[in-house]
Amino acid sequence: MASSHSFELGRYVVMGTLGRGGMGVVFKAFDSTLDRLVALKVLHREVDEMHTSRLRREAQAMAKLSHPNVVQVYEVGEADGQTFVAMEMVAGQRLDEWMRQHPRPQWRACVDVFSALGAGLAAAHEQGLVHRDFKPGNAIIDDDGRPRVLDFGLARHRDELTEDGTVESARTREQEGGPLEASLTRTGTILGTPAYMPPEQMSGALTDARSDQFSFCVALYEALYGQRPYPGDTLAALKVSLQGGMSDPAPRGSAVPASLRTVVLRGLAIAPEERWPSMEALLEQLRDLATPRRRRGAALAVVVGMAAVGAGLELPRYAEWSERCTGARAQLDGIWDDARRQQVEAAVLGTNLPYAADTWKRVEPRLDDYAQTWAARHTEACEMTRLRGEQTEEAMSLRMACLRTRRTALDAAVTVLVQADDTAVRNAVKLTSGLPELHYCDDLDALERQRQRVPPPEDPQVAEEVEGERERLAEIEAMYVAGLFAAALEEVERVVTRAEALGYGPLLAEARGKRGQLREANGLYVEAEKELTEAYTLAVEHDHETVQLSSASLLVFLVGTRLQRPAPGRQWSRVAQPLAVRIGEPRGVATSWGNLGLLLTSQGEYDEAQKAHANALATMEDALGAEHFAVARHSNNMGTVFDFKGEFEQAQAAHERTLRILEAALGPAHPDVAGSCNNLGIVLWSRGRYEEARSTFERALRILEKALGRDHPVVAQTLNNLGIALESQGRYGEAQRAYERALRVLENALGPDHPVVARSWDNLGNVLTSQGQYKEASESHERALRIRETAQGAEHPEVANSWNNLGVALSNQGKYEEAKDALQRARDLWQEALGPDHPDVSNSWDNLGTVLRKQGEHEEAKAAFAEALAIRDKALGPEHPEVAATLVGLATVALEQDDFDAARAYGERAVSIRERGEVGPEELAEARLVLARALWSEPGQRDRARRLAEQARSGFAEAGAGQREGLAEAEQWLAKHHEH
């Protein structure tokens, strides 16, 4: 059919070609029955043969959808053996052409256009229809200025389920390397345009409304920034970017608000479940950004009013005000410009820290983005009043005052970084991530409420001096976040003195609150409590809610956790919680929940602590996104609580998430990443995954030695952790060397009587016990016990560790009554602190069982082992190596009572666990020998019993000198039973 000639297709008279696509040709046609022009899409015959019935159903559904932002489908029919779809004829400018015009549309215009298109998509989603090929080429702005979606739902044919329930997804190499803007329509391929295609569609998986959301956000991103979010010139390259989640940063100089970028990036999440729950939810966010919800009615009224008196608008005045609203970026000169950028880069890289380059790569774009967003919001606040008349002068003044405080905070952060030392560089990402939110300056209700509560001084000169002192407080806050605690405390003393002289109560409350915070950071806990309490009282007197909240929230942690007075700490929590909710600032809400969680954790109330930390985590996720740097703190706290509860699988997931966030935010060489590795390694060890734990601790050690030096106390703590993992693998010599090195470092750094040093003495004693050096082991544990009781008090839970370890060493020397007393003290302390079902309590029960068995008290021993087994089965899982230890104890008791059936059952399970787990050779040998003894009572099992005993002998020999007793026992048993 030649497009230059007219022909008839049913009742439609075809008048010319409008365009061609992979599925068919679109013609301009006249409906002779209804006397109207239509767009007639005639499908290719191969498409028609495969999909006629489905296309009919879908077009019929579309025909029922009438929405102002969707091109109307009239009908689907068949004539001359070909399927056609008749649609509304729409004239206008294609969206991709509109996006490329010069100058490019401003961000607010882009949001307006895409919000209208998104409304069309949302309406179709309500009908169960999915576009599957949304892109700028499939949308149009009609001659009336109305955005419209084209070809909705009709592009769906290649990713349909086949008859066997699979998805057709084959792609050719040609398509992998083909242009991204080209639609894929060939048989056996995925339909769509790769540049806008979501990952699930690209991989051939099922698509849904969230897939449209991804394509929509790709197009919106392109409209906002002039480039698509994921780099790649071919399908293969694009897939690599998508698989790695490698989105491009915002271009320098972009005026697009950071809050808008955050909204769009969530819609671009690789995993569909991480996107907005619906198109409507996404649109609600876009509408709030374009015209904040509380102002929509007023803004609409102004626009309508202007339209009604449009002839009275004077063009020269319009241009004049436009010119006045263009100087925002210049206000950041000397704060964040090329010169300051070079100074910060030189300072950060000049520290020569191993993670300095990673830090600079992350800090620079954060500062760029903050400055760009600040300038855009400043310009917008001006234009809304001076240019468009959408807000009052008073409203603009409130927003500008708020933006001035943000500019001051930016200046303070950059000033700290210009003078950065090692501590400031370590905290640089935290500093730049924690800059005060800019979107708060759009909340006129909150700004007005704050002004009414805390009005400025009436005397203009005093007001000016107050603002100067507040700028100094911003500088002090930057120093505090950067970890420069001592210097910041010196600075704040001067601000407190000046605030007292000025006599303006709100400023004095702010200064004293900051002084209290810095006293806490410097370890001056008693003075900090007094200062924060007085700051809170002063803030109440002056109705200063933000100081009330910051003071009360910190007092929850300081009093309840630092000073170990939980009751008044909870009282402060009951003050902070409703304040945080009323103010509604997410970081404040999360901090108040988090501090309560730390208090509850310190008191062993782990279920309630978990709820508090979960609330903190959810608040930050909702406000900042699941992968934001600030979320890591709360994820880590969740992992710690799960660890204390013995819920190690959940603890591992939380710590793995924390590690992932920190690696992305800080780079792989940052010491905070090592801290996260340590936490994860502890959980892996608790789960019996000793090789993974060892590898994780070794990674932490490499990072810390490079970042802090070999003799730093934090390095020693990691050496202790590594030693525990090595010891659990039976690598006693390596473990002992790690403990001895840690002990030297800690004694030199902290002194010989610090409680952290006691941990190394205990660890050294344990590995000496494992090597049969029982007297030396007892001396190590006694040293640890003296340090802990002196430094922490006789009833502290950590004292239980030393009593438990000493009991084992005494037992191995035959000092059973002394051992039993030590183990019972450990059990009682642990039960009081952790509850009766904690895994640590099982250690004392298990060790008590061994002592009682050696004393011949078999029934009491069996009861102790049963207590240990019940706790370990529940807390650690039935396959944990520590469960096997208790089973060996029970099997040994059963053998000594001639209960061979029970001994066989316990022994079989113990061998099975240890053969599958990561244990030292002597532990597997121990289980095999006890099973061999149990099997000998069955004549048909004696060959297996001898094989097990021979394997046990080899295992004890492999373990070395520390297993002489086990080796002798195995050889004696084999000699005795050789001839039977």
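In what follows, the structure referred to is the one given above.
Computed from a predicted model, the values in this text were never measured in an experiment.

## A word on the overall build of the protein
(1) Moving on: For the protein, the count of helices and strands is 42 helices and 9 strands.
(2) Moving on: Every one of the 980 residues in the protein was classed for burial, and the buried ones make up 53%.
(3) Moving on: Partitioning the contacts of the protein with sequence separation of at least 6, the portion at a separation of at least 24 is 62%.
(4) Moving on: For the protein, the accessible surface area stands at approximately 42500 Å², while carbon and sulfur atoms represent 49% of it.

## Quick word on unusual backbone geometry
Leaving glycine out, the prevailing phi sign among residues is negative, and the prevailing peptide bond configuration is trans.
(1) Moving on: Along the chain, H102 connects to P103 via a cis peptide bond; the corresponding omega equals -5°.
(2) Moving on: When you line up the elements, P103 lands in the loop between α2 (95-100) and α3 (107-126).
(3) Moving on: One non-glycine residue, N352, lies in the positive phi region at around 60°.
(4) Moving on: With respect to the secondary-structure elements, N352 resides in the loop between α12 (338-350) and α13 (356-387).
(5) Moving on: The residue D543 is not glycine, and still its phi comes out positive at about 55°.
(6) Moving on: Structurally, D543 is set in the loop between α21 (525-541) and α22 (545-562).

## Examining the state of the cysteines
(1) Moving on: Counted under the stated rule, the structure contains 1 disulfide.
(2) Moving on: Sulfur-sulfur distance for the disulfide between C402 and C441 comes to 2.0 Å. Here the S-S torsion is close to -75°, and the disulfide linking C402 with C441 is therefore left-handed. Separated by 39 residues along the polypeptide, C402 in helix α14 (residues 393-418) and C441 in the loop between α16 (428-433) and α17 (444-453) bring together distant segments of the chain. In terms of burial, C402 and C441 fall into one category: buried.

## Structural notes on the pairing of strand β6 (residues 82-88)
(1) Moving on: Along β6, 6 of the 7 residues are buried, which leaves the element largely enclosed by surrounding structure.
(2) Moving on: In this sheet, β6 lies alongside strand β4 (residues 36-43) in antiparallel orientation, the contact comprising 5 bridges. Bridged to A39 within β6 is M87.
(3) Moving on: Examined bridge by bridge, strand β5 (residues 73-79) and β6 share 6 bridges and lie antiparallel to one another. Directly across from V73, in β6, lies its bridge partner M87.

## Thoughts on the packing of helix α26 (residues 631-645) against helix α27 (residues 648-666)
(1) Moving on: Running from amino to carboxyl end, α26 crosses α27 at an angle of 160°, the nearest separation of the two axes being 8 Å. Classified by the angle their axes make, α26 and α27 are roughly antiparallel. For the pair α26 and α27, the crossing hand works out as left-handed. Contacts between α26 and α27 involve V631, A632, S635, N636, M638, G639, T640, F642 and D643 from the former and F648, Q650, A651, A654, H655, R657, T658, I661 and L662 from the latter.
(2) Moving on: Here the contact of α26 with α27 is built from residues that sort into 9 nonpolar, 7 polar and 2 charged.

## Considering the sheet that holds strand β7 (residues 92-94)
(1) Moving on: Taken in spatial order, the 3 strands make up an open sheet running β7-β8-β9, and their pairing is antiparallel. Only two strands of the sheet have a single partner each, and these edge strands are β7 and β9 (147-149). The average angle at which neighbouring strand axes cross in this sheet is 30°, direction not considered.
(2) Moving on: Here strand β8 (residues 139-142) runs beside β9; their pairing, made up of 3 bridges, is antiparallel. Within β9, the residue paired with I141 across the bridge is P147.
(3) Moving on: In the packing of α3 onto the sheet, contacts are made with β8 and β9, and the angle to β9 comes to roughly 35°.

## Quick notes on the side chain of S635
(1) Moving on: With respect to the secondary-structure elements, S635 resides in helix α26.
(2) Moving on: Other than its neighbours up to four places away in sequence, S635 contacts L617, A654, R657 and T658.

## Here we look at the packing of aromatic side chains
(1) Moving on: Taken as a whole and assessed by the stated rule, the structure comprises 9 aromatic pairs.
(2) Moving on: Note on Y480 and F485: the rings are 5.7 Å apart at their centroids and 45° apart in plane angle, and the pair reads as tilted.
(3) Moving on: Overall, the relative accessible area of 21% leaves Y480 in the partly exposed class.
(4) Moving on: According to the relative accessible area criterion, F485 is partly exposed, its value standing at 30%.
(5) Moving on: Plain terms: the ring middles of Y536 and W572 are 5.1 Å apart, the flat faces sit at 85° to each other, and that makes the pair edge-to-face. Here W572 lies in helix α23 (residues 566-583) and Y536 lies in helix α21, a separation of 36 residues in the sequence.
(6) Moving on: Here the aromatic cluster, defined as three or more aromatic residues joined through ring pairs, consists of F114, F134 and F216.

Conventions adopted
- Residues numbered from 1 in each chain as written.
- Predicted model: local features only at pLDDT ≥ 70, side-chain atom pairs only at ≥ 80, totals over all residues.
- Heavy atoms only, no water.
- Helix = DSSP H or I, 4+ residues; strand = E, 2+ residues; numbered from the N terminus.
- Buried < 20%, exposed > 50% of the residue type's maximum accessible area, 1.4 Å probe, protein only.
- Contact = heavy atoms within 4.5 Å.
- Areas by Shrake-Rupley, 256 points an atom, 1.4 Å probe, with all protein chains shown as cover.
- Disulfide = S-S within 2.5 Å.
- Pairing = 2+ DSSP bridges.
- Axes fitted to C-alpha atoms, helices over the stretch in contact; angles between N-to-C directions.
- Parallel < 35°, antiparallel > 145°, perpendicular 65-115°, else oblique.
- Left-handed = near helix turned anticlockwise from the far one by under 90°.
- Nonpolar A, V, L, I, M, F, W, Y, C, P; charged D, E, K, R; others polar.
- Phe/Tyr/Trp six-rings, centres within 6.5 Å; stacked < 30°, edge-to-face > 60°.

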